[in-house]
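Structural description and commentary
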Amino acid sequence: MMPLARFRRALPAEAYHLARIVTALHEDCGTCLPMEVRFAKQAGVSVAILDSILDENPCSLSPDLAVVYFFAEAVATASGEEDTWREAIFRRYGDIGVIELSLAIAVSRMFPTVLHAMGYAAPCVPRNTQVGARDR
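Residues numbered from 1 in each chain as written. Predicted model: local features only at pLDDT ≥ 70, side-chain atom pairs only at ≥ 80, totals over all residues. Heavy atoms only, no water.

**Topic: the packing of helix H3 (residues 32-42) against helix H6 (residues 82-118)**
The criterion, for reference: Note on method: axes are straight lines fitted to C-alpha atoms, helices fitted across the in-contact stretch only, with angles between N-to-C directions ranging 0 to 180 degrees. The way it works is that DSSP assigns letters per residue, a run of H or I at least four long becomes a helix, a run of E at least two long becomes a strand, and they are numbered from the N terminus. Left-handed describes a crossing whose near helix is turned anticlockwise from the far helix by less than a right angle; the clockwise case is right-handed. Contact criterion: two residues are considered in contact whenever any of their non-hydrogen atoms come within 4.5 Å of each other.
One can describe the packing of H3 onto H6 by two numbers: an axis separation of 10 Å at closest approach and a directional angle of 145°. Handedness of the crossing formed by H3 with H6: right-handed. Of the residues in H6, those in contact with Cys32, Met35 and Glu36 of H3 are Ser108, Phe111, Pro112 and Leu115.

Below you can see the structure in the form of structure tokens.
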């Protein structure tokens, strides 16, 4: 699972980690979101970008990152808007970008699922308590 979780070749770190954090916001109950934020920080993602993601404020992101945000959110919520955002991702990052974002989203869903199934997930916390994830 870890080689797949680390796979990134074409996407900038900001786009890759943004997709993982947005997915964790929708999938996680508290265990994985701080981990995703920590990985993003280690990869050099700025605090301003992390704040925009955690505040669920995609309009404060650059246009390229906003598209990634909306794509990840559409996939995570099965909103039906995936095709529109996928096309925008393809135009910006090509086939490899779509593949990498798809894997990033899938991996971000896998960790909470495994932790829940094994009984290691933290108790659910309200979504508005995400601020603590910034400090980790």
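Here the narrative resumes.
**Comments concerning the packing of aromatic side chains**
Rules: Pairing of aromatic rings covers Phe, Tyr and the six-membered ring of Trp, with a centre-to-centre limit of 6.5 Å; geometry is then stacked below 30 degrees between planes, edge-to-face above 60, and tilted otherwise. Using a 1.4 Å probe on the protein chains alone, a residue whose accessible area is under 20% of its type maximum counts as buried, one over 50% counts as exposed, and one in between counts as partly exposed.
Under the criterion given, the structure shown has two aromatic pairs. With a centroid separation of 5.8 Å and 85° between ring planes, the pair formed by Tyr69 and Phe70 is classed as edge-to-face. Residue class for Phe70 comes out partly exposed when judged on its relative accessible area of 26%. Here the aromatic rings of Phe70 and Trp85 are separated by 4.9 Å at their centres, their planes lie at 25°, and the arrangement is stacked. Highlighted residues: Phe70 in helix H5 (residues 63-77) and Trp85 in helix H6, separated in sequence by 15 residues. On the accessibility criterion, Trp85 (22% relative accessible area) is partly exposed.

**Concerning the nonpolar core**
Put simply, the test is: We call a set of buried residues a nonpolar core when its members are Ala, Val, Leu, Ile, Met, Phe, Trp, Tyr or Cys and they connect through side-chain atoms within 4.5 Å of each other.
Ranked by internal contacts, the top residues of the largest apolar core, which has 33 residues, are Leu18, Ile21, Ile53, Val68 and Ile89. Sorting the residues of this core by element identifies helix H2 (13-27), H3, helix H4 (47-54), H5 and H6 as the ones contributing at least two each. For Val68, the contacting residues outside a window of four places in its chain are Ala15, Leu18, Ala19, Ile89, Tyr93 and Leu101.

**Quick word on the confidence of the model for the protein**
Convention followed: Known as pLDDT, the predictor's per-residue confidence is scaled from 0 to 100.
For the protein, the average pLDDT comes to 85, and 83% of its residues sit at 70 or higher. Considering only residues more than four positions removed or in separate chains, one finds that residues 128-134, a stretch of pLDDT under 50, has 12 contacts.

**Side note on unusual backbone geometry**
In this structure, Glu56 is a non-glycine residue whose phi angle is positive, near 55°. With respect to the helices, strands and loops of the structure, Glu56 is situated in the loop between H4 and H5. In this structure, Ala78 takes a positive phi of about 50° despite not being glycine. Looking at the element boundaries, Ala78 is found in the loop between H5 and H6. Take Ala78: its relative accessible area is 58%, and that puts it in the exposed class.

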